[in-house]
Amino acid sequence: MSYSESEKDNFLEAVASLKKYRRAELIDENGNNLLSSLYTDLLANEQILKTCLKGNTTFIIGRKGTGKSTIFLKIQQELRKKDNNLSCYVDAKTIFESSKSEYVNGLEELKNIISNDVLQNYLIERNFIQTILSELRKEIDKRSYTLIDKIKELFGTDRSSIVREKLQKLQNSIENNELLKSIELPLLQQISTHRKNANEKTNESAFGKNSQLGGKLDLKEQSINASYSENSNSKNLQKNATEVDKQFSDIFLKVFQVKDIITQIKDILSLLNVKSLIIIVDDFSEIDDQAMRVLIDVILAPLNNWSDEFIKFKIAAYPNRVYYGKIDKSKVDIVDLDFYNLYSELDRNNMEERAIDFTRRLVEKRIKYFTEKPAEYFFDTKKEPLESYYELIFQISMNVPRIIGYILFYCCERNIVFDKPINRESLEAASQKYFERNIEHFFDNTTYSMMSFDEKISILQLKELLQQFVDSLSNTRKKIIIGEITGNQYEDVKTNPYTSHFYFKPTYEHFLKTLELNFFISKYSERSDRNREKQSIYCLNYGLCKKENLRWGKPKGSNYRTYFISKSFDFNSLIDDFLKNSKRIICINPKCKKSFPFEELHYLEYNKMLCPECHNPVNIISNSETIQLELEKIDKSKLLPHIELSILYEINKTEKDLKPGEIAEELDCSYQLIGKRAKKLNEEKKLILRMRVEGGKVVYKLTDKAKNDYFNT
């Protein structure tokens, strides 16, 4: 087979379009939007898109790369076709990072006046609502100017002037920061004081004090009107802090006058005949838990609940990293994009067939558009039918478009550029390469990351558990081969048995969510065992199986329907023993500190995770002397924030100088953030070199110090 240079370039462009991160626009060299031609829905008849376009608040849930941002782009494209709808996009992750910068760069003088946590939360929420309104104005400007001729025809130039004047007035109110000094700052000081008192009281085993904060709020008169009270006893140590957070939310709403903002937006949009506003919130799960809770309860829920169906949200989140708060969950649509969660709701007997159909549609549409060739032109169909390759791509990627893009990109490097069609060998090699370069380093990042000691231990314990999974499956494979494990289901595959899947009780899923979120494992199915107890079936990452010489999948045919639920793949005891030895449950009350064996978790959950002795909350604590000793040996000066470690790992794995935009694409963040952090790594840490190349563009490379400290080279 011989491919022309243009065919190679076009194929590379096709797979590069699948690798795109975040809000990367699908455009051609002339700037034309390709989304209409390339969008591929996970379900037939674009059912996902149709659900998301309904007039409800929607949570779109999926792991990284499952296509959430692409769906958002398509939603906005469709909404812009309708004059009575308006959409606006907000990236929660960027807001969170920029709020940190604002704290560092502009408000140092507040450090001694307001506690760090109150100020940080305040800046996030303030920045978020300002960004919503700023982005909204941009969208309104686009809409108003595109409709300006219509407005003139209907109302004349006076009406168009009113629209512009109102938009400008709203923008000016957003940009006005005088409220911080005259109104918000005194109130924040009071909140900070009461939160401090509440936190101090949580360290006492019993108290019965009452406190009051009162005042008056009227933005026109520059005065405050807000109040709250606290009442606590030994049965609820955390109530004070929770109540202060609640009152912080209520007072914050009064400061920003959300209802008034909604009214102003409605008034302006009514002149353009807009009846519905959809606010798209991306990367919601990328912010920390506290910011997530306050963001929902302070901003999103009030806007959603107070607008008389005028404002609705489309929110992207990760599995097990979702908070609904004051948003009525019964009134929202929830769209799952991950394989099992999506297809099991439709037809459990044909989940794989539906998933493979998406893989086929996605790959064929991209290749056909960019190369004007059928997909089989680039695959070795003499060895296997094209459908077999689609099935393998699904197994490797679990239907994640971004992973599909990487797999085909690596196959292009290995085969297409050397005039060889893609085959099973190249796809499997690509799966291992993707695992080693994009997934495996997660645990290394954790070791040198600036996270809490307990978080580190918890994550590194999962590395040990993952290794136990691999060891157990490898041992099962060996026993099947030598005949220690026998059965009809193993007869046809005895020399090379399938040992990639395992099962356990659904109650254990919570403890493995980090492994699943980062693609080490994936949920594959649910079945009842021979005792008729429901079990969750999970699989190892295909690339990990390839690395460990474990055959992925199961034999075909109805005779092997229960292959995954065989006793050999029962990991309940393994997980149970791990949790007993690695976790302990303790009461947070310093006067009590009662410890409970892990076996009592179900009883404590039934008791709402409260200590039966003093009725204070209990926490699950990670416990590993071995990991703790290893972590204590690490030079604390080498610890870095996660994003900075990721920059180092990205430069190291590519083994070439990288531009900020290239790193940003890989890390799913803005190039501006990469530039700021890279400057710090260069000037303060001396870990990277910033160099200018032809055209004046900046590229980064690792210093010898970085290689020695973090990569042992």
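Look a little higher up for the structure.
Since we're looking at a predicted model, the values are computed, not measured. In every chain, residue numbers begin from 1 and rise along the written sequence. Side-chain atom pairs in this predicted model are given and counted only at pLDDT of 80 or more, local residue features only at pLDDT of at least 70, and totals for whole chains, interfaces and linings cover all residues. Hydrogens are left out, water is left out, and the side-chain values use all remaining heavy atoms of the structure.

## What about the sheet that holds strand 14 (residues 595-596)?
The strand order across the open sheet formed by three strands is 14-13-15, and the pairing between neighbours is antiparallel. Either end of the sheet is taken by a strand with one partner, and the two such strands are strand 14 and strand 15 (618-622). Between any two strands, pairing holds if DSSP finds at least two bridges. Numbering goes from the N terminus for both helices and strands, where a helix is a DSSP run of H or I of at least four residues and a strand is a run of E of at least two. As judged from the five bridges shared by strand 13 (residues 583-587) and strand 15, these two strands associate in the antiparallel manner. The residue of strand 15 that forms the bridge with Arg584 is Ile621. Working rule for contacts: check all heavy atoms of both residues, and any pair within 4.5 Å makes them a contact. To obtain an axis, a line is fitted to C-alpha atoms, over the contacting stretch when the element is a helix, and the angle between two such axes runs from 0 to 180 degrees between their N-to-C directions. Docked against the sheet, helix 22 (residues 572-582) engages strand 13 and strand 15, running at close to 45° with respect to strand 13.

## What to know about the pattern of salt bridges
The salt bridge criterion pairs a side-chain nitrogen of Lys or Arg with a carboxyl oxygen of Asp or Glu, the two atoms within 4 Å. Counted according to the given criterion, the structure contains 29 salt bridges. In this structure, the salt-bridge partner of Arg361 is Asp357, at a minimum N-O distance of 3.0 Å. In this pair, Arg361 and Asp357 are both assigned in helix 14 (residues 351-371), four residues apart and thus about one turn of the helix distant. The exposure class assigned to Arg361 is partly exposed, which follows from its relative accessible area of 22%. A simple rule labels every residue: compare its accessible area, found with a 1.4 Å probe on the protein chains alone, to the largest value its type can have, and call it buried under 20%, exposed over 50%, or partly exposed in between. Asp357 sits in the partly exposed class, given a relative accessible area of 26%. Among the ionic pairs, Arg677 bridges to Glu644, the shortest N-O distance being 3.3 Å. In this pair, Arg677 is assigned in helix 27 (residues 671-683) and Glu644 in helix 25 (residues 642-654), connecting sequence segments 33 residues apart. The network of salt bridges with common partners includes Asp357, Arg360, Arg361 and Glu364.

## Here we look at the nonpolar core
Of all hydrophobic cores here, the largest spans 146 residues; its most connected members are Leu427, Phe469 and Leu540. Ranked by residue count, the leading element in this core is helix 19 (residues 453-482), at 10 residues. Not counting chain neighbours up to four residues away, the residues in contact with Leu540 comprise Leu466, Phe469, Val470, Leu473, Ser500, Phe502, Phe520, Ile521, Cys545, Leu550 and Trp552. Nonpolar core, defined: a set of buried Ala, Val, Leu, Ile, Met, Phe, Trp, Tyr and Cys residues in which side-chain atoms within 4.5 Å join the residues together. Leu269, Leu277, Phe284 and Val298 belong to the second-largest nonpolar core, a separate cluster that totals 42 residues.

## A few points about the packing of helix 1 (residues 5-19) against helix 16 (residues 401-414)
Closest axis-to-axis distance for the helix 1/helix 16 pair is 7 Å, and the angle between their directions is 150°. One way to sum up the angle between helix 1 and helix 16 is to call them roughly antiparallel. Where helix 1 crosses over helix 16, the handedness of that crossing is left-handed. Residues Phe11, Leu12, Val15, Leu18 and Lys19 of helix 1 form the contact with helix 16, whose own contacting residues are Pro401, Arg402, Ile404, Gly405, Tyr406, Leu408, Phe409 and Cys412. When residues are grouped by polarity, Ala, Val, Leu, Ile, Met, Phe, Trp, Tyr, Cys and Pro land in nonpolar, Asp, Glu, Lys and Arg in charged, and all others, Gly among them, in polar. When grouped by side-chain class, the residues that make up the contact of helix 1 with helix 16 number 10 nonpolar, one polar and two charged. For classification purposes, an angle smaller than 35 degrees is called roughly parallel, one larger than 145 roughly antiparallel, one from 65 to 115 roughly perpendicular, and anything else oblique. In this scheme, a crossing is called left-handed if the near helix is turned counterclockwise away from the far one by less than a right angle; it is called right-handed if the turn is clockwise.

## Side note on the sheet that holds strand 10 (residues 501-504)
Strand order across the open sheet formed by three strands is 10-12-11, with antiparallel pairing between neighbours. A single partner strand is all that each edge strand has here, and the edge strands are strand 10 and strand 11 (521-528). Across the sheet, the mean angle separating the axes of adjacent strands is 30° when strand polarity is ignored. Across four bridges, strand 10 lies against strand 12 (residues 534-540) in antiparallel orientation.

## What to know about the environment of Lys420
Relative to the elements of secondary structure, Lys420 occurs in the loop between helix 16 and helix 17 (424-439). For Lys420, a relative accessible area of 49% corresponds to the partly exposed category. With near-sequence residues (within four places) excluded, Lys420 lies in contact with Tyr3 and Asn415.

## Some words on helix 14
One less than the number of residues in a helix, times 1.5 Å, gives the span that helix is expected to have. Over its 21 residues, helix 14 runs 30 Å from end to end, which matches the ideal 30 Å to within 8%, given 1.5 Å per residue. When we look at burial in helix 14, the residues that qualify are Met351, Ala355, Ile356, Phe358, Thr359, Leu362, Val363, Arg366, Ile367, Phe370 and Thr371. In a view along the axis of helix 14, the buried residues occupy a sector of 155°, so they form one face of it. Taken together, the buried residues of helix 14 touch helix 1, helix 2 (35-38), helix 13 (339-343), helix 15 (386-397), helix 16 and strand 11. Once helix 14 ends, the next one or two residues include Glu372, with phi positive near 60°. The directions from the helix axis to the C-beta atoms are what the arc is built from.

## Concerning the environment of Tyr389
Checked against the element boundaries, Tyr389 lands in helix 15. In this structure Tyr389 touches Phe379, Asp380, Thr381, Lys383, Glu384, Ile422, Asn423, Arg424 and Leu427, once residues within four positions along its chain are discounted. Reaching out from Tyr389, the side chain makes a polar contact with the backbone oxygen of Asp380 at a distance of 2.6 Å. Nitrogen and oxygen atoms within 3.5 Å of one another constitute a polar contact, given that in protein one can donate a hydrogen and the other can accept it, and given that sequence-neighbouring residues count only through two side-chain atoms.

Structural measurements only, silent on function.
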